[in-house]
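Chains, contacts and geometry: an overview
Each chain is listed here by its residues.
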Amino acid sequence: MASVLDCLHFGKRNAVTRTQLMIMTGLPDRAIRREIDKLREEGQPIFNSQDGEGYYLATADDDMDMMQCILRERARRDSMIESVDALEKSRLRVLNPDGLQLSL
């Protein structure tokens, strides 16, 4: 079976969906997502325009899509941070409903 990177092509017009990647690599969806994250961390320019077309290796011609992807990922990150902050506050309220300072 091919690797995820071997299945990706340059340019949005050559995007490959996760379903196609699962078929080509034999990997489950979660493993595909983990591999894409790992490849991105290694510097591979893997983008997804979120229009159902799939993943692709970006070129300079894909600049607008790259910026939209970056902005979407930043918004997801910020939302996740807000959610974690709210969970931490909720945890403290559950552990200390009277509002008294907890000592460790």
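Parameters at a glance
Residues numbered from 1 in each chain as written. Predicted model: local features only at pLDDT ≥ 70, side-chain atom pairs only at ≥ 80, totals over all residues. Heavy atoms only, no water. Salt bridge = Lys/Arg side-chain N within 4 Å of Asp/Glu carboxyl O. Helix = DSSP H or I, 4+ residues; strand = E, 2+ residues; numbered from the N terminus. Buried < 20%, exposed > 50% of the residue type's maximum accessible area, 1.4 Å probe, protein only. Core = buried A, V, L, I, M, F, W, Y, C linked by side-chain atoms within 4.5 Å. Contact = heavy atoms within 4.5 Å. 1 Å grid on protein atoms, 1.4 Å probe; cavity = no way out; pocket = protein on both sides within 12 Å on 5 of 7 lines; lining within 4 Å. Points joined across faces, edges and corners; volume = space filled by probe spheres on them.

Side note on the pattern of salt bridges
Counted by the stated rule, this structure contains 6 salt bridges. Here Asp65 makes a salt bridge to Lys12, at a shortest N to O gap of 3.7 Å. Here Asp65 is found in helix H4 (residues 63-95), whereas its partner Lys12 is found in the loop between helix H1 (4-7) and helix H2 (18-25), with 53 residues between them in sequence. Of the residues examined, Asp65 reaches a relative accessible area of 15% and is grouped as buried.

So, the environment of Leu27
By the element assignment, Leu27 lies in the loop between H2 and helix H3 (29-41). Relative accessible area serves as the criterion here: at 34%, Leu27 is assigned to the partly exposed category. It is 24 Å that separates the C-alpha atoms of Leu27 and Glu73, two residues lying 46 residues apart in sequence.

Things to note about the nonpolar core
Buried together is how nonpolar side chains tend to be arranged in soluble globular proteins. Val4, Cys7, Leu8, Val16, Leu21, Ile32, Ile36, Leu39, Ile46, Tyr55 and Leu57 together form the largest nonpolar core, which totals 11 residues. Of all the secondary-structure elements, those providing two or more residues to this core are H1, H3 and strand E2 (55-57). The element that contributes the greatest number of residues to this core is H3, accounting for 3 residues. Excluding residues within four positions of it along the chain, Leu39 makes contact with Val4, Leu5, Gln44 and Ile46. Of all hydrophobic cores here, the second largest spans 6 residues; its members include Ala15, Phe47, Ala58 and Met66.

Here we look at the environment of Asp62
As for its position among the elements, Asp62 is in the loop between E2 and H4. Since its relative accessible area comes to 7%, Asp62 is described here as buried. Sequence spacing of Asp62 and Gly11 is 51 residues, and the spatial spacing of their C-alpha atoms is 6.7 Å. Setting aside its immediate chain neighbours within four residues, Asp62 contacts Gly11, Lys12, Tyr56 and Leu57.

Points about the layout of surface pockets
For the largest pocket, the calculated volume is near 290 Å³. Around the largest pocket, the lining comprises 15 residues; the ones closest to its centre are Asp37, Arg40, Tyr55, Glu73 and Arg76. Listed by contribution, the elements that provide at least two residues to the lining of the largest pocket are H3 and H4. Among the elements that make up the lining of the largest pocket, the one with the highest residue count is H3 (6 residues).

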